[in-house]
Amino acid sequence: MTFTLQPVKGKEFINRTELLEEMVAELKAKRSTTGYALYGKRRIGKTSILKEVQRRLEQEDGIVVVYLSVWDIIESTLTEFCQRLSLGVIEAYRPHIGLKYRANELIRTPLAMLRKILEETELKIVYNEIEFLITRKKDTDEGVLIEHAFNISEKLGEKADIKCVLLIDEFPSIIDLKSNNLKVGEAVLRKIRTISEDWERTTLCISGSIRSTMNLAVLSSSSPFYRQLIVKEISPLKQEHVTKLLSQHLDISQEGIQEIYDFSAGIPFYVQFVGKMLERTEKNTLDSIRRVEREFLAEEGNILFKEEFDSLGPKERLIVLSIASGCHAPKEMANTLGDKMSNVNRFLTYLGEKGYVSKKERGYYVLEDPVFERWMKEVILEADTVDTNV
Ligand SMILES: Nc1ncnc2c1ncn2[C@@H]1O[C@H](COP(=O)(O)OP(=O)(O)O)[C@@H](O)[C@H]1O
Ligand SMILES: [Mg+2]
């Protein structure tokens, strides 16, 4: 393996040693149902941590692990989510309950036959749940759906005396799933929280990238999972780990590493990406590294950031641009934009909730992602100057 844009685990996984050890020790403890909430911006390495936790836990006895990302739910429906979760749990327990068929074969089996197959396995205790999944009517009650999906692991866990760790990536996005064509909303979080309070064999670990929805789910004192999960904020890699990641696959000088560290601010996705581009260059001189970084911004940046930038409202765009051009105080922004302070503050709050901007100190705002910032500077702002010069 070389540089990759996919989540990493095993040998490719760099650092996060203490966090991993803590999580694995807690999660493998048979009598503990304490779970974790990983929180950090996109591309910082949350999915990789979940996958690495999964890999390590799978080497332990008496435990099964299920990974599911809400962002992978194709139709964005609560039903699909519940089905995928239930099947994942059944599949994970399969070796322990004497089931010969794969979980997703079960749901294609006619009911009469299914009953017969399940009679012979420990799965008969969840027959009702499985039948429910297969025969679900169009307007199934959301609460019942969730209850079934989140209780299969409890029942199987008790029967087989095996603990289940559910790793649900981008968990807060559950509120955006649809049921009967409407968004399910926050109620679904409270429902899951209530179910999880009675768990003895199941543990929930989640991640989330979007600050506002993470607040809604876990972080704020009125949220359903407040103090229910151990919250860990995931930070960028330190310079020594960027060094390790780069020199694992590249012949690169210390100043070259420094350049990439400064460019990426230790966000592993950018380090991997620049590393991947450098693999194709002959010699990794400082000049060639800088050229590759500019190329990255111009080509990849337009794919990665353009959409994000366009998804912001017009005022929000003006504000992020003004921060990128060096304005950090709301007062200054209000002056240059010719807008009211109260408006600027309101949009700064929105941008903060979406994870684009953070308040460094009173009256001083910065952009969270330095690469996004540089893209705005070099691609958007400079294009603007060229335009006005013409
Ligand atoms: N610990 C790590 N070591 C090496 N590369 C990593 C690590 N964590 C993340 N990466 C890289 O960073 C990128 C984003 O990782 P990912 O886990 O998908 O982040 P997130 O889920 O937070 O968006 C991927 O290219 C991945 O290979
Ligand atoms: Mg992810």
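Residues numbered from 1 in each chain as written. Chains lettered and ligands numbered in written order. Predicted model: local features only at pLDDT ≥ 70, side-chain atom pairs only at ≥ 80, totals over all residues.

**Looking at the domain arrangement of the chain**
Domain annotation of the chain identifies domain 1 (10-233), domain 2 (239-308) and domain 3 (312-389). Placing the centre of domain 1 and that of domain 2 at their C-alpha centroids yields a distance of 36 Å. Of the residues that constitute the side of domain 1 that touches domain 2, the class distribution is two nonpolar, two polar and one charged. (Domains from an automatic or database assignment. Nonpolar A, V, L, I, M, F, W, Y, C, P; charged D, E, K, R; others polar.)

**Topic: the nonpolar core**
Among the nonpolar cores identified, the biggest contains 61 residues, and Val66, Val89 and Leu167 are the most heavily contacted of them. Filtering out sequence-adjacent residues up to four positions away, Val66 remains in contact with Gly88, Val89, Ala92, Cys164, Leu166 and Leu167. Core analysis: the next-biggest nonpolar cluster, separate from the first, contains 37 residues, Phe263, Phe273, Phe305 and Trp375 among them. (Core = buried A, V, L, I, M, F, W, Y, C linked by C-beta atoms within 7 Å. Buried ≥ 20, exposed ≤ 12 C-beta atoms within 10 Å, placed from the backbone. Contact = placed C-beta atoms within 7 Å.)

**With respect to unusual backbone geometry**
Positioned with a positive phi, Arg43 is a non-glycine residue whose angle comes to about 75°. When you line up the elements, Arg43 lands in the loop between β1 (35-39) and α2 (46-57). By C-beta crowding, Arg43 is classed as buried, having 20 other C-beta atoms within 10 Å. The backbone of Glu170 sits at a positive phi, close to 55°, despite the residue not being glycine. Tracing the chain through its elements places Glu170 in the loop between β3 (163-169) and β4 (178-179). (Helix = DSSP H or I, 4+ residues; strand = E, 2+ residues; numbered from the N terminus.)

**A word on the environment of Ile175**
Here Ile175 lies in the loop between β3 and β4. A residue is classified by how many C-beta atoms lie within 10 Å of it, and Ile175, with 17 of them, is partly exposed. Considering only alpha carbons, one finds Ile175 and Leu38, 137 residues apart in sequence, at a separation of 18 Å. If near-sequence neighbours (up to four positions away) are discounted, Ile175 is found in contact with Lys183, Val184, Gly185, Glu186, Val188, Leu189 and Thr213.

**Some thoughts on the packing of helix α11 (residues 254-264) against helix α13 (residues 286-310)**
It is the contact of α11 with α13, at a shortest axis distance of 9 Å, that shows an interaxial angle of 20°. Judged by the angle between their axes, α11 and α13 are roughly parallel. For α11 against α13, the interelement crossing comes out right-handed. Facing α11, whose interface residues are Glu255, Gly256, Glu259, Ile260 and Phe263, α13 presents Leu286, Ile289, Arg290 and Glu293. Here the contact of α11 with α13 is built from residues that sort into four nonpolar, one polar and four charged. (Axes fitted to C-alpha atoms, helices over the stretch in contact; angles between N-to-C directions. Parallel < 35°, antiparallel > 145°, perpendicular 65-115°, else oblique. Left-handed = near helix turned anticlockwise from the far one by under 90°.)

**Some remarks on helix α10 (residues 239-249)**
Listing the buried residues of α10 in full gives Val242, Leu245 and Leu246. End-on view of α10: buried residues confined to an arc of 90°, all on one side of the axis. In this structure, the buried residues of α10 make contact with α11 and α12 (268-278). (Arc of directions from axis to C-beta.)

**Some details on the site of ligand 1**
Taken together, 21 residues form the shell around ligand 1, and within it Ile14, Gly45, Thr47, Ser48 and Pro268 come nearest. Elements that contribute at least two residues to the shell around ligand 1 include exactly α2 and α12. When grouped by side-chain class, the residues that make up the shell around ligand 1 number nine nonpolar, eight polar and four charged. (Near = placed C-beta within 6 Å.)

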